[in-house]
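Architecture and fold: a report
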Amino acid sequence: MTRCLLLVLDSVGVGAAPDAADYGDEGADTLGHIIARTGLRLPTLWSLGLGRILGEDGKDAPRASYGRMRERSAGKDSTTGHWEIAGIVLEQPFAVFERFPDPLMQAIEGETGLRFLGNRPASGTRIIDELGEQHMRTGEPILYTSADSVLQIAAHEAVIPIERLYAVCEAARRHADAWRIGRVIARPFIGTPDAFTRTERRHDFSMRPPPTVLDAISAAGIPVQAVGKVADLFAGQGITDAHPTGSNAEGMRVTEALWRQAEAGLVFTNLVDFDTLYGHRRDVAGYAAALMEFDAWLGGLLPQCRADDVVIITADHGNDPTHRGTDHTREEVPLLVLHGGRAAPLGTRDGFADVAASLAVAFGIAPWPRGRPFL
């Protein structure tokens, strides 16, 4: 009857990883820099041990076990981070392109019957502003990438209906596999030139992962409920129920409702606004406000947790809004664990897969071959 809640705060890193310089991210510290700039206070997370993670001893003993995790996989994107959390360490990173190769584009164009605008690295909001009017005039969707392994396709909902956009992305996904592109992302938008707005109907189409601990849990007949973009990141694999959401606020509401109803099983939530709305847009104040909103919500959720529940709070990478550029940052991530009233230092874990190993222990399934359990 184990009940486990796994909360991934998308991009909430806690300081540069030892190999951050290899990614151009030396000095990055998402949470530390936000706190330094804004004086942010997070009383619920602090009570669990977040201050200890950040190097502040404090006078009160933490209520949870606390530590850091250092990613072993190459990369700094959501797919890589979530796959490693679920027990898959990528020895070869996903491919990143400045421009997608002609054979790939020809294959996508041949299947969809479309030509595309863009095909270059860009900020998602900026390229829509630049090419949105031409897209509306020609009907050609906007295709772009970033420093991550993503192929993004943007289209106005009045020009290319949402289901058609999803079908185009599914076609692109089939051809992108051969090029090891981590995600194809549908980016619908609305509005008029000079006032375009991306909608909440984004959808990620990921490569299918190797078998993860989620497969092992669901194969044992244990529910695995995915909230936010989690199901997308695993291409639905190992997920028994998917609950896509359009915002942190909706993700928290859905998570709380599922948690109240659950007698057993895993609720696995990603809260993406930290990354998409504030990290990439280098909005320090917005990021701080979103963290305060989460902290207040968490304070109301924790009294609903039983002593034998397992609650794990972590992140998948960094996205320091004070750092140069607009991309993710290679950082260590926080690890807070509530279970059985224990409160102990967990140190710096050598890999996110320690979460997978711990889930295997919590649910009494076969030991996971990667990672070292902290339960």
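In short, a report on the structure. (Residues numbered from 1 in each chain as written. Predicted model: local features only at pLDDT ≥ 70, side-chain atom pairs only at ≥ 80, totals over all residues. Heavy atoms only, no water.)

**Some remarks on the pattern of salt bridges**
- For the structure shown, the criterion picks out 20 salt bridges.
- In this structure, the salt-bridge partner of Asp-354 is Arg-349, at a minimum N-O distance of 2.8 Å.
- For Arg-349, a relative accessible area of 4% gives the class buried.
- A single network of salt bridges, built from pairs that share partners, joins Arg-3, Arg-306, Asp-308 and Asp-309. (Salt bridge = Lys/Arg side-chain N within 4 Å of Asp/Glu carboxyl O. Buried < 20%, exposed > 50% of the residue type's maximum accessible area, 1.4 Å probe, protein only.)

**Description of the nonpolar core**
- Membership of the largest hydrophobic core comes to 79 residues, with the highest contact counts inside it found for Val-213, Leu-266, Phe-294, Leu-298, Ile-312 and Leu-359.
- Top contributing element to this core by residue count: helix 12 (residues 284-301), with 9 residues.
- Among all residues touching Val-213, those that are not within four sequence positions of it are Ala-86, Ala-356, Leu-359, Ala-360, Ile-365 and Trp-368.
- Listed in part, the 24 residues of the second largest apolar core include Ala-95, Ile-153, Val-168 and Phe-205. (Core = buried A, V, L, I, M, F, W, Y, C linked by side-chain atoms within 4.5 Å. Helix = DSSP H or I, 4+ residues; strand = E, 2+ residues; numbered from the N terminus. Contact = heavy atoms within 4.5 Å.)

**A few points about empty space enclosed by the protein**
- The final tally for this structure, using the stated rule, is 1 cavity of 30 Å³ or more.
- Within this model, the largest cavity holds a volume of roughly 50 Å³.
- Residue lining of the largest cavity: Leu-9, Val-12, Leu-31, Leu-45, Leu-50, Leu-291, Ile-313, Pro-334 and Leu-336, and that is the complete set.
- Looking at the lining of the largest cavity, its residues break down into 9 nonpolar, no polar and no charged. (1 Å grid on protein atoms, 1.4 Å probe; cavity = no way out; pocket = protein on both sides within 12 Å on 5 of 7 lines; lining within 4 Å. Points joined across faces, edges and corners; volume = space filled by probe spheres on them. Nonpolar A, V, L, I, M, F, W, Y, C, P; charged D, E, K, R; others polar.)

**Some thoughts on the side chain of Glu-157**
- The topology assignment puts Glu-157 in the loop between strand 5 (150-156) and helix 7 (162-176).
- Among the polar contacts listed, one links the side chain of Glu-157 to the side chain of Thr-199, at a separation of 3.0 Å.
- When sequence neighbours within four positions are dropped, the list of residues in contact with Glu-157 reads Ile-162, Pro-188, Phe-189, Ile-190, Thr-199 and Arg-201. (Polar contact = N/O pair within 3.5 Å; in protein donor to acceptor, adjacent residues only side chain to side chain.)

**Some remarks on the packing of helix 1 (residues 30-38) against helix 12**
- Helix 12 packs onto helix 1 with a crossing angle of 105° between their chain directions and a minimal axis gap of 10 Å. Classified by the angle between their axes, helix 1 and helix 12 sit roughly perpendicular to one another. From helix 1, Thr-30, Leu-31, Ile-34, Arg-37 and Thr-38 reach across to helix 12, where they touch Val-284, Tyr-287, Ala-288 and Leu-291.
- Considered class by class, the residues forming the contact of helix 1 with helix 12 number 6 nonpolar, 2 polar and 1 charged. (Axes fitted to C-alpha atoms, helices over the stretch in contact; angles between N-to-C directions. Parallel < 35°, antiparallel > 145°, perpendicular 65-115°, else oblique.)

**Some remarks on the sheet that holds strand 12 (residues 310-314)**
- Read across the open sheet, the 8 strands follow the order 10-9-11-1-12-13-2-14; overall the sheet is mixed. Of all the strands in the sheet, the pair left with one neighbour each is strand 10 (241-243) and strand 14 (345-349). Shown here is a sheet whose adjacent strand axes are inclined to one another by a mean of 15°, direction ignored.
- Sheet topology note: the strand 1 (residues 3-9)/strand 12 ladder contains 5 bridges and is parallel. Paired with Leu-6 across the bridge in strand 12 is Ile-312.
- Taken strand by strand, helix 10 (residues 248-261) contacts strand 1, strand 9 (224-227), strand 10, strand 11 (265-271) and strand 12, and its axis lies near 170° from that of strand 11.
- Across the sheet, helix 12 is in contact with strand 1, strand 11 and strand 12; its angle to strand 1 comes to roughly 175°. (Pairing = 2+ DSSP bridges.)

**Overview of unusual backbone geometry**
- With phi around 55°, Asn-119 is a residue other than glycine that occupies positive phi space.
- Looking at where Asn-119 falls in the secondary structure, it is placed in strand 3 (residues 117-121).
- Relative accessible area serves as the criterion here: at 13%, Asn-119 is assigned to the buried category.
- Positive phi outside glycine occurs at Arg-180, with the angle close to 55°.
- Along the chain, Arg-180 turns up in the loop between helix 7 and strand 6 (183-190).
- Taking the relative accessible area as the measure of exposure, Arg-180 reaches 24% and is therefore partly exposed.

**Description of the side chain of His-317**
- Topologically, His-317 is positioned in the loop between strand 12 and strand 13 (333-338).
- Within the structure, the side chain of His-317 is placed 3.2 Å from the side chain of Ser-78, a separation counted as a polar contact.
- Among the polar contacts listed, one links the side chain of His-317 to the side chain of Asp-316, at a separation of 3.3 Å.
- Leaving out residues up to four positions away in the same chain, His-317 has contacts with Asp-10, Ser-11, Val-12, Gly-13, Lys-76, Asp-77, Ser-78, Asp-275, His-328, Thr-329 and Val-333.

**A few points about the environment of Ile-313**
- Within the secondary structure, Ile-313 sits in strand 12.
- Judged by its relative accessible area of 2%, Ile-313 is buried.
- For the pair formed by Ile-313 and Lys-59, sequence separation is 254 residues and the distance between their alpha carbons is 22 Å.
- Leaving out residues up to four positions away in the same chain, Ile-313 has contacts with Leu-7, Leu-9, Leu-45, Leu-48, Leu-298, Pro-334, Leu-335 and Leu-336.

**Details of the packing of aromatic side chains**
- For the coordinates displayed, the defined rule picks out 8 aromatic pairs.
- Seen from their ring centres, Phe-97 and Phe-100 are 5.6 Å apart, and the 50° between their planes marks the pair as tilted.
- Given the relative accessible area of 16%, Phe-97 is considered buried.
- Every member of this aromatic cluster is reached through a ring pair, and the members are Phe-97, Phe-100 and Trp-179.
- The ring centre of Trp-259 lies 4.0 Å from the NZ or CZ of Arg-3, which sits over that ring. (Phe/Tyr/Trp six-rings, centres within 6.5 Å; stacked < 30°, edge-to-face > 60°. Lys NZ or Arg CZ within 6 Å of the ring centre and 35° of its normal.)

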